[in-house]
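Listed below are the residues making up each chain.
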Protein chains: 2
Amino acid sequence: MRPTLRQMQYLIAIAETGKFGDAARLVNVSQPSLSAQVAEMEAGLGVALVERSRRGAMLTPAGEELVRRARIILREVEDLKAVAKLGRTELSGRLRLGVLPTIGPYLLPQATGDLRARFPALRLSVREERTIDLDEHLQAGLFDTVISTPEDHPDTEYAHLFTERLYACAPPEDALAEGDGPIQLEHLSGRELLTLGEGHRLSAIAQNIAAAAGAAVSSEYEGTSLDAIRLMSQMGAGVAILPSLYALSEARRDRGMNIRLIDHPIARRDIALIWRDTSPLATSLHSLSACLQKASAKLLEREAKG
Amino acid sequence: MRPTLRQMQYLIAIAETGKFGDAARLVNVSQPSLSAQVAEMEAGLGVALVERSRRGAMLTPAGEELVRRARIILREVEDLKAVAKLGRTELSGRLRLGVLPTIGPYLLPQATGDLRARFPALRLSVREERTIDLDEHLQAGLFDTVISTPEDHPDTEYAHLFTERLYACAPPEDALAEGDGPIQLEHLSGRELLTLGEGHRLSAIAQNIAAAAGAAVSSEYEGTSLDAIRLMSQMGAGVAILPSLYALSEARRDRGMNIRLIDHPIARRDIALIWRDTSPLATSLHSLSACLQKASAKLLEREAKG
DNA sequence: CAATCCAATAGGAGAAAGCTATCAAATGCG
DNA sequence: CGCATTTGATAGCTTTCTCCTATTGGATTG
């Protein structure tokens, strides 16, 4: 690819020193080598760039113009190297993160402070999608990493973030709302459960719970957001099935809200930061996961006691 | 100089095709060569740029960023080549022209039309200086070329433009002002001659004329411009010695002005476009001189008749 | 299970870029 | 004037880089 970066560098050295010999010394090269490269450059471009005389070297108008441009180009190459160096040690640039809508809005705000401190050059691009779409888009390269349930994503590596548990939320006048501690599956027997629409991971889990508890998932009221489900529940439409992060963060905000932990292995799900097993970002993503883990621990500390 | 332009090109090809093999075909290179160069680039920068998988290649965030920058850099190299190509055939960019103050203001305006048509990319930077300064600054590289008298500039090549002759200009009531044709040196005998200050070529010539004609050069009234000399002459201070271009162009404008050609070999001087004999612009400057020659011929056509 | 596809690896050939030594011209100094 | 110095160009040789063909290894597909 002519002219070469090296040739440009040599030409600039001549512009700066005014002599072939000094220019060669400046760039740590022998004078004949530099002469040859400059001659090569002139031949390749078909223009005289340097005027040789006994008193040294002087640039032609064309040479001056090319030096001006070459300086810009070399500086941009340096910038490129600097950017790469930043990216070497830490995450930087745009990282496309896919996240479950039952997690993202509650976990990420908690983590932003830490993230900014730990990865100042990182620009997160976040998108909420259903589990099934997360997987497809991760494999297609539209996401660099996702926050989801590892078992739904083949050919991936992951770092565990936290274990999500489920909560039941009933209307105030409901019998379920009277107690305080965890409830058993049997307590849900015969009830109508409210959950998100199809394709969401939460929906699949709710189906399992319903089957195990002898309950039914409401087909009429499939919510499009957790807030919608909670509101429907408050209006008497049924028992809302809510995941940890939402339940705890909303419960903290709304003291009147009555939630009860469902105490059963089926109502647990591991949440992890997940990436393609071919991704070279693995090590960086591990430290990202540490930040996220810390944030989730803080959000879930009430759960540990309860 | 790492990374190389070629390496950047290869990385871009991967970004565009999504596969090493296709990228190699795109840039007319074997797949192993491209693989090696990209690997070299990654090693040199210390960052993973490409995520390899069985389904092809995918860029990391760092890779995307570098591709963005590399595209800019490659385009600027193309621009540089294009600029060089323009400069190859014709004069272009800034050409620093030094010119005698007795010539520049009269010759150059006449030539501008032709110059623009012939060298559209040329930006003339003109500076008027005394002969002695022209020479010094030409040698020092502050000028690419000058318009002057060849015999005053050693180590130069030149292209003849025209032969300048001298005119005598006397006050209206003067005896010299009565005739019309050329005058002989004897007509100046005993007169006081007006000319430019020291260091100007015209001054030296006027000294010669004075010596040969038995005249004196006024030491009191050394003009700083030809207009000043002419005015002083009109006020009765002496006989102004004026060169062709000024005399003819002003005579054309001011019909009442009386000028008479001095008919003697000593009152001639060759004017040429001059450049260092080491200048690679020689051929281009020859075509520049053709334009200037044409302009001067037009200005001097009255002289040919008279 | 064979066929196919993709990237990495191996080994060798050619080009490119480097170096030392030398030359030719010109300048500078005694 | 003459000799030492400085300048860029040239010559010859060595090293490094770049590329190519051929092959391997792993994974996907019919």
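Up top is the structure.
To keep things clear, this report deals only with the structure shown in the data block. Predicted model only: the values in this text are computed from it and were never measured.

A word on the overall build of chain A
Argument step 1. Across its full length, chain A carries 11 helices and 11 strands.
Argument step 2. The globule rule puts the C-alpha radius of gyration for 306 residues at 19 Å, and the 31 Å found for chain A is more than 25% above it.
Argument step 3. Relative to all contacts within chain A whose residues are 6 or more apart in sequence, the contacts with residues 24 or more apart total 72%.

Digging into the pairing of strand β6 (residues 156-169) of chain B
Residue and element names in this part refer to chain B.
Argument step 1. With 10 of 14 residues buried, β6 lies mostly within the body of the structure.
Argument step 2. Of the pairings in the sheet, the one linking β6 to strand β11 (residues 268-276) comprises nine bridges and is antiparallel in character. Bridged to F162 within β11 is I271.
Argument step 3. Two strands pair when backbone bridges link them, and β6 and strand β9 (residues 239-243) are joined in this way by four bridges, in the antiparallel orientation.

What to know about the protein's contact with DNA strand C
Argument step 1. Not every one of the 19 residues close to DNA strand C is listed here, only the nearest: S30 and S33 of chain A together with F20, P32 and S35 of chain B.
Argument step 2. Counting only elements with at least two residues in the surface near DNA strand C, the list comes to α3 (31-45) of chain A together with α2 (20-26), α3 (31-45) and β2 (56-59) of chain B.
Argument step 3. Class assignment of the residues belonging to the surface near DNA strand C gives a composition of five nonpolar, eight polar and six charged.

Structural notes on the relation of the copies chain A and chain B
Argument step 1. Between chain A and chain B, which share one sequence, the superposing operator has a rotation angle of 180 degrees and an axial displacement of 0.0 Å; the RMSD is 0.3 Å. Here the two chains are linked by the operation of a two-fold rotation axis. Considering only C-alpha atoms, the residue of chain A closest to the rotation axis is I73 of chain A, which sits at 2.9 Å.
Argument step 2. A shared binding surface is used by both copies, with 100% of the interface residues of chain A retained as interface residues in chain B.

Re helix α8 (residues 226-234) of chain A
Residues and elements named next belong to chain A.
Argument step 1. Every buried residue of α8 is accounted for by L226, I229, R230 and S233. Down the axis of α8, the smallest arc covering the buried residues is 95 degrees, so these residues share one side.
Argument step 2. Two residues or fewer after α8 comes G236, characterised by a positive phi angle close to 95 degrees.

A short note on the environment of D114 of chain B
All names here are of chain B.
Argument step 1. Examined against the element boundaries, D114 turns out to sit in helix α5 (residues 104-118).
Argument step 2. Residue D114 is classed as partly exposed on the basis of its 15 C-beta neighbours within 10 Å.
Argument step 3. Taking the C-alpha atoms as reference points, D114 and A290, separated by 176 residues in sequence, lie 10.0 Å from one another.
Argument step 4. Discounting chain neighbours no more than four positions away, the residues touching D114 are C291, K294 and A295.

A look at the nonpolar core
Argument step 1. If you look at the biggest cluster of nonpolar residues, it comprises 57 residues, and the most contacted ones within it are L11 and I14 of chain A together with L11 and I14 of chain B.
Argument step 2. Sequence-distant contacts of L11 of chain A, that is, excluding residues within four places in its chain, are made with V38, M41, L49, G63, L66, V67 and A70 of chain A.

Observations regarding helix α5 (residues 104-118) of chain A
Argument step 1. Along its length, α5 of chain A reaches its greatest deviation from straightness, about 45 degrees, at T112 of chain A.
Argument step 2. Restricting attention to buried positions, one finds in α5 of chain A the residues Y106, L107 and A111 of chain A.

What to know about the environment of Q31 of chain B
Argument step 1. By secondary structure assignment, the location of Q31 of chain B is in helix α3.
Argument step 2. Not counting chain neighbours up to four residues away, the residues in contact with Q31 of chain B comprise F20, G21 and A24 of chain B.

Looking at the packing of α5 of chain B against helix α10 (residues 282-299) of chain B
All names here are of chain B.
Argument step 1. Two numbers describe how α5 lies on α10: the axes approach to 8 Å, and their chain directions differ by 135 degrees. As far as their axial angle goes, α10 and α5 are oblique. Of the two possible hands of crossing, α5 and α10 adopt the one that is right-handed. The residues of α10 that touch α5, namely those facing Y106, L107, Q110, A111, D114, L115 and R118, are C291, L292, K294, A295, S296, K298 and L299.

Thoughts on the pairing of strand β11 (residues 268-276) of chain A
All names here are of chain A.
Argument step 1. Along β11, seven of the nine residues are buried, which leaves the element largely enclosed by surrounding structure.
Argument step 2. Pairing analysis gives three bridges linking strand β5 (residues 145-148) to β11, with the strands arranged antiparallel. Looking at β11, one finds that V146 is bridged to I274.

Brief notes about unusual backbone geometry
Argument step 1. Positive phi, close to 55 degrees, is recorded for N28 of chain A, a residue that is not glycine.
Argument step 2. Relative to the elements of secondary structure, N28 of chain A occurs in the loop between α2 (20-26) and α3.

Observations concerning the environment of A24 of chain A
All names here are of chain A.
Argument step 1. Mapped onto the elements of the fold, A24 is located in helix α2.
Argument step 2. Judged by the 21 C-beta atoms lying within 10 Å of it, A24 is buried.
Argument step 3. On a C-alpha basis, the gap between A24 and S35 in space is 8.4 Å, while along the polypeptide they are 11 residues apart.
Argument step 4. Ignoring any residue separated from it by four or fewer positions in sequence, one finds A24 in contact with V29, S30, Q31 and L34.

Rules used throughout
Residues numbered from 1 in each chain as written. Chains lettered and ligands numbered in written order. Predicted model: local features only at pLDDT ≥ 70, side-chain atom pairs only at ≥ 80, totals over all residues. Helix = DSSP H or I, 4+ residues; strand = E, 2+ residues; numbered from the N terminus. Rg over C-alpha atoms; globule rule 2.2 N^0.38 Å. Contact = placed C-beta atoms within 7 Å. Buried ≥ 20, exposed ≤ 12 C-beta atoms within 10 Å, placed from the backbone. Pairing = 2+ DSSP bridges. Near = placed C-beta within 6 Å. Nonpolar A, V, L, I, M, F, W, Y, C, P; charged D, E, K, R; others polar. Least-squares fit on C-alpha atoms with pLDDT ≥ 70 in both. Arc of directions from axis to C-beta. Core = buried A, V, L, I, M, F, W, Y, C linked by C-beta atoms within 7 Å. Bend = angle between axes of the 7 residues up to and from the residue. Axes fitted to C-alpha atoms, helices over the stretch in contact; angles between N-to-C directions. Parallel < 35°, antiparallel > 145°, perpendicular 65-115°, else oblique. Left-handed = near helix turned anticlockwise from the far one by under 90°.

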